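Chain by chain, the residues:
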Amino acid sequence: MVVADVACGLVGALVTALFGIGLGDLALLALVCTISWPTLSFVVGVYADDDLRSWANGVSQAPRTLVTTILFGWPVFAVASSLAIPRPGVAALAVAALTALFSGLARAIVRGVLHRSVELRQRVLIVGSGMVAGQVARKLRAHVQFGLVPVGLLDDELHPVGIPGVPWLGSLADLPRVIEEQGVDRVIIAFSRASHQDLLTCIRGSQQQGIAVDVVPRLFELLDGGRAVNRVGGLPLLSIGLARLGRASQVAKRALDICLSSIALVALAPLLGSLALAIKLESKGSVFFVQRRVGRGGQEFRLIKLRSMHFDADARKAGLTDQNDLDDGVMFKLHRDPRITRVGRFLRRYSLDELPQLVNVLKGDMSLVGPRPLIVPESDALSEPWHHRRLELRPGLTGAWQIYGRSENPFDEMVRFDYQYVAGWSLARDVEILLATVPAVLSGRGAY
């Protein structure tokens, strides 16, 4: 990570070459940048962050990166002024901004590569059994970018339901032995029927052995709306609170949609034209695919996408229903769908087929961030009263379902993501999801 930041400091310094300075001055400025940027990052605490989210780590570090950037600008300005670089303030601002940008990208790439390295993956022991423990194991296996490998589980009373081939390694009392024998790097506590005191003993024992511990909280379905940890007489309380969906918030969200979608449509016009031409050249039929979706308040609208399938895809669907990769009884997905064209497979991998939905956003049918836009049969399958909270906001071009795995998420989990998003909505959360969408899309995870 430090090496990546040193390289980014060098890149930032090279920007000053545009100001017409000599090689000697450029070398001195490069030295200052490559030393001060990683040093300030260390002082601010960027390298101490143990966030598991390899690709989205830059989002969680944004406040620290901003502080580092502000502090970094001063030594760059001082050196630029002493070297009589033209417009030293502009030069310092350009160097600081580009260094921060490249550093965020470099850190994300380095984390993604390191977490995929077999030698650097963390061996994870799951304490607990049953559905939640099984869900943890499946998530760790599906999302290799976290670099976590489940090696087994511990529980006094084994509940095999939902555990996909994860071996049982013993009871909670066997924790010290299992940690040593299995070379465990991290322990995840995931819903055991063991007593409160026994679980505390596991956590304390793990920490004493230098093992990182994560706990899946009960009622985790609601915790996306958690806002702060308060204390009452020393007892920590997670305040879930109410979503701020007032008039001012809705106006701010709509303003963000209009501004960003307008800019994106103009900037991406050449790309959209090239993709439309590629679709037309490969297969006959319309360039666009239009489908009825359910929007805010249950109102239907016509969603626009670039066509990724052959023109007769709907007619061929009936013959493929028995090959459905999802068993939720609602959604239809095939990992190797024969109806998808070669161009369409590329479009889907990087979500380029979704770009025309920017028009839906500009029209007000959708938002940049929101619940997943469901087709009518999927919306009809929502039976619980809490399911319908997702209709309080416009469906989104991206959302929690996008950054947490896209098509890998079953229908019920996707609905839970939508509920969490609506229940804990904030404009800051929208910005966080937008930033996290870029690496999620570039990685191609869950896209088929």
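An account of the accompanying structure is given in this report. Here the structure is a predicted model, which is why all the values come from computation and not from measurement.

Considerations on the environment of Leu362
Part 1 of the reasoning: Tracing the chain through its elements places Leu362 in helix α13 (residues 357–363).
Part 2 of the reasoning: Distance from Leu362 to Arg254, taken between C-alpha atoms, is 9.2 Å for residues 108 residues apart in sequence.
Part 3 of the reasoning: Excluding anything up to four places from it in sequence, Leu362 contacts Arg254, Ile258, Ser261, Ser262 and Leu265.

Section: unusual backbone geometry
Part 1 of the reasoning: The backbone of Ser351 sits at a positive phi, close to 55 degrees, despite the residue not being glycine.
Part 2 of the reasoning: In this fold, Ser351 is placed in the loop between α12 (342–349) and α13.

Here's the deal with the sheet that holds strand β4 (residues 186–189)
Part 1 of the reasoning: The five strands lie next to each other as β3-β2-β1-β4-β5, forming an open sheet whose pairing is parallel. The open sheet has two edge strands, β3 (168–170) and β5 (212–215), and neither has a second partner. Pairwise comparison of adjacent strand axes, ignoring direction, gives a mean angle of 35 degrees for this sheet.
Part 2 of the reasoning: Where β4 lies against β5, four bridges are found, and the strand directions are parallel. Across the sheet, Ile189 pairs through a bridge with Val215, a residue of β5.

A short note on the packing of aromatic side chains
The geometry of an aromatic ring pair is captured by the separation of the ring centres together with the interplanar angle, meaning the angle of the planes.
Part 1 of the reasoning: This model, assessed by the stated rule, comprises one aromatic pair.
Part 2 of the reasoning: Stacked on the ring of Trp401, the Lys or Arg Arg372 has its end atom at 5.8 Å from the ring centre.

A look at the sheet that holds strand β8 (residues 288–294)
Part 1 of the reasoning: Taken in spatial order, the three strands of this open sheet run β9-β8-β11, and their pairing is antiparallel. With one partner strand each, in any of the chains shown, β9 (300–306) and β11 (374–375) form the two edges of the open sheet.

Some points on helix α6 (residues 131–142)
Part 1 of the reasoning: Taking 1.5 Å as the rise per residue, α6 with 12 residues should run 16 Å; its terminal C-alpha atoms sit 16 Å apart, in good agreement.
Part 2 of the reasoning: For α6, the full list of buried residues reads Val132, Ala133, Gly134, Val136, Ala137 and Leu140.
Part 3 of the reasoning: For α6, the secondary structure elements touched by its buried residues are β1 (122–127), β2 (148–154) and β4.

A closer look at the nonpolar core
Part 1 of the reasoning: One finds Leu368 and Tyr421 to be the most contacted residues of the largest nonpolar core, which totals 17 residues.
Part 2 of the reasoning: At the level of secondary structure, the elements contributing two or more residues to this core comprise β9, α13, β10 (367–369), α16 (411–423) and α17 (427–443).
Part 3 of the reasoning: The greatest single-element share of this core, amounting to three residues, is contributed by α17.
Part 4 of the reasoning: Those residues within four positions of Leu368 in sequence are excluded, and the remaining contacts are Leu256, Asp257, Leu260, Leu358, Val361, Gly396, Leu397, Thr398 and Leu434.

Brief notes about the pattern of salt bridges
A side chain of one charge can pair with a side chain of the opposite charge if their charged atoms are brought near each other.
Part 1 of the reasoning: A complete count under the given rule lists 12 salt bridges for this structure.
Part 2 of the reasoning: When the shortest N-O distance is used, the salt bridge between Arg390 and Asp418 registers 2.4 Å. Note that Arg390 is positioned in the loop between α14 (376–380) and β12 (396–398) and Asp418 in helix α16, a separation of 28 residues in sequence. Accessibility classification places Arg390 together with Asp418 in one group, the buried group.
Part 3 of the reasoning: Between Arg429 and Glu432 there is a salt bridge, with the nearest N and O atoms lying 3.4 Å from each other.

Considering the packing of helix α10 (residues 269–282) against α12
Part 1 of the reasoning: At a minimum axis separation of 9 Å, α10 and α12 run at an interaxial angle of 150 degrees. If you check the angle between α10 and α12, you find them roughly antiparallel. Taking contact as the criterion, the partners of Leu275, Ala278, Ile279 and Glu282 in α10 are, on α12, Arg342, Val343, Gly344 and Leu347.
Part 2 of the reasoning: Grouping the amino acids of the contact of α10 with α12 by side-chain chemistry returns five nonpolar, one polar and two charged.

Remarks on the environment of Arg302
Part 1 of the reasoning: As for its position among the elements, Arg302 is in strand β9.
Part 2 of the reasoning: In this view, Arg302 contacts Val290, Gln291 and Asn360; residues no more than four positions away in its chain are not counted.

Brief notes about α12
Part 1 of the reasoning: Listing the buried residues of α12 in full gives Val343, Gly344, Leu347 and Arg348. Viewed along the axis of α12, the buried residues span an arc of 130 degrees, placing them on a single side of the element.
Part 2 of the reasoning: Here the buried face of α12 lies against α10 and β9.

Some remarks on the pairing of β1
Part 1 of the reasoning: Bridge analysis of β1 against β2 gives six bridges, and the strand direction is parallel. Each bridged residue has a counterpart across the sheet, and for Val124 the counterpart in β2 is Pro150.
Part 2 of the reasoning: Chirality of the crossover, the property in question, places the unit of β1, α6 and β2 among those that are right-handed.
Part 3 of the reasoning: Strand direction decides the pairing type here: β1 and β4, joined by four bridges, are parallel. Across the sheet, residue Leu125 finds its bridge partner in β4, namely Val187.

A look at the side chain of Arg390
Part 1 of the reasoning: What makes Arg390 buried here is its relative accessible area of 4%.
Part 2 of the reasoning: When sequence neighbours within four positions are dropped, the list of residues in contact with Arg390 reads Pro371, Arg372, Leu374, Leu382, Met414, Asp418 and Val422.

Focus on the packing of helix α9 (residues 247–267) against α10
Part 1 of the reasoning: Orientation of α9 relative to α10, taken along the N-to-C sense of each, is 55 degrees, at an axis distance of 4 Å. It follows that α9 is oblique to α10 by the angle criterion. Residues Leu265, Val266 and Ala267 of α9 pack against Ala269, Pro270 and Leu272 of α10.

Rules and cut-offs
- Residues numbered from 1 in each chain as written.
- Predicted model: local features only at pLDDT ≥ 70, side-chain atom pairs only at ≥ 80, totals over all residues.
- Heavy atoms only, no water.
- Helix = DSSP H or I, 4+ residues; strand = E, 2+ residues; numbered from the N terminus.
- Contact = heavy atoms within 4.5 Å.
- Pairing = 2+ DSSP bridges.
- Axes fitted to C-alpha atoms, helices over the stretch in contact; angles between N-to-C directions.
- Phe/Tyr/Trp six-rings, centres within 6.5 Å; stacked < 30°, edge-to-face > 60°.
- Lys NZ or Arg CZ within 6 Å of the ring centre and 35° of its normal.
- Expected span 1.5 Å × (residues − 1).
- Buried < 20%, exposed > 50% of the residue type's maximum accessible area, 1.4 Å probe, protein only.
- Core = buried A, V, L, I, M, F, W, Y, C linked by side-chain atoms within 4.5 Å.
- Salt bridge = Lys/Arg side-chain N within 4 Å of Asp/Glu carboxyl O.
- Parallel < 35°, antiparallel > 145°, perpendicular 65-115°, else oblique.
- Nonpolar A, V, L, I, M, F, W, Y, C, P; charged D, E, K, R; others polar.
- Arc of directions from axis to C-beta.
- Right-handed = clockwise from strand over helix to strand, strands pointing away.

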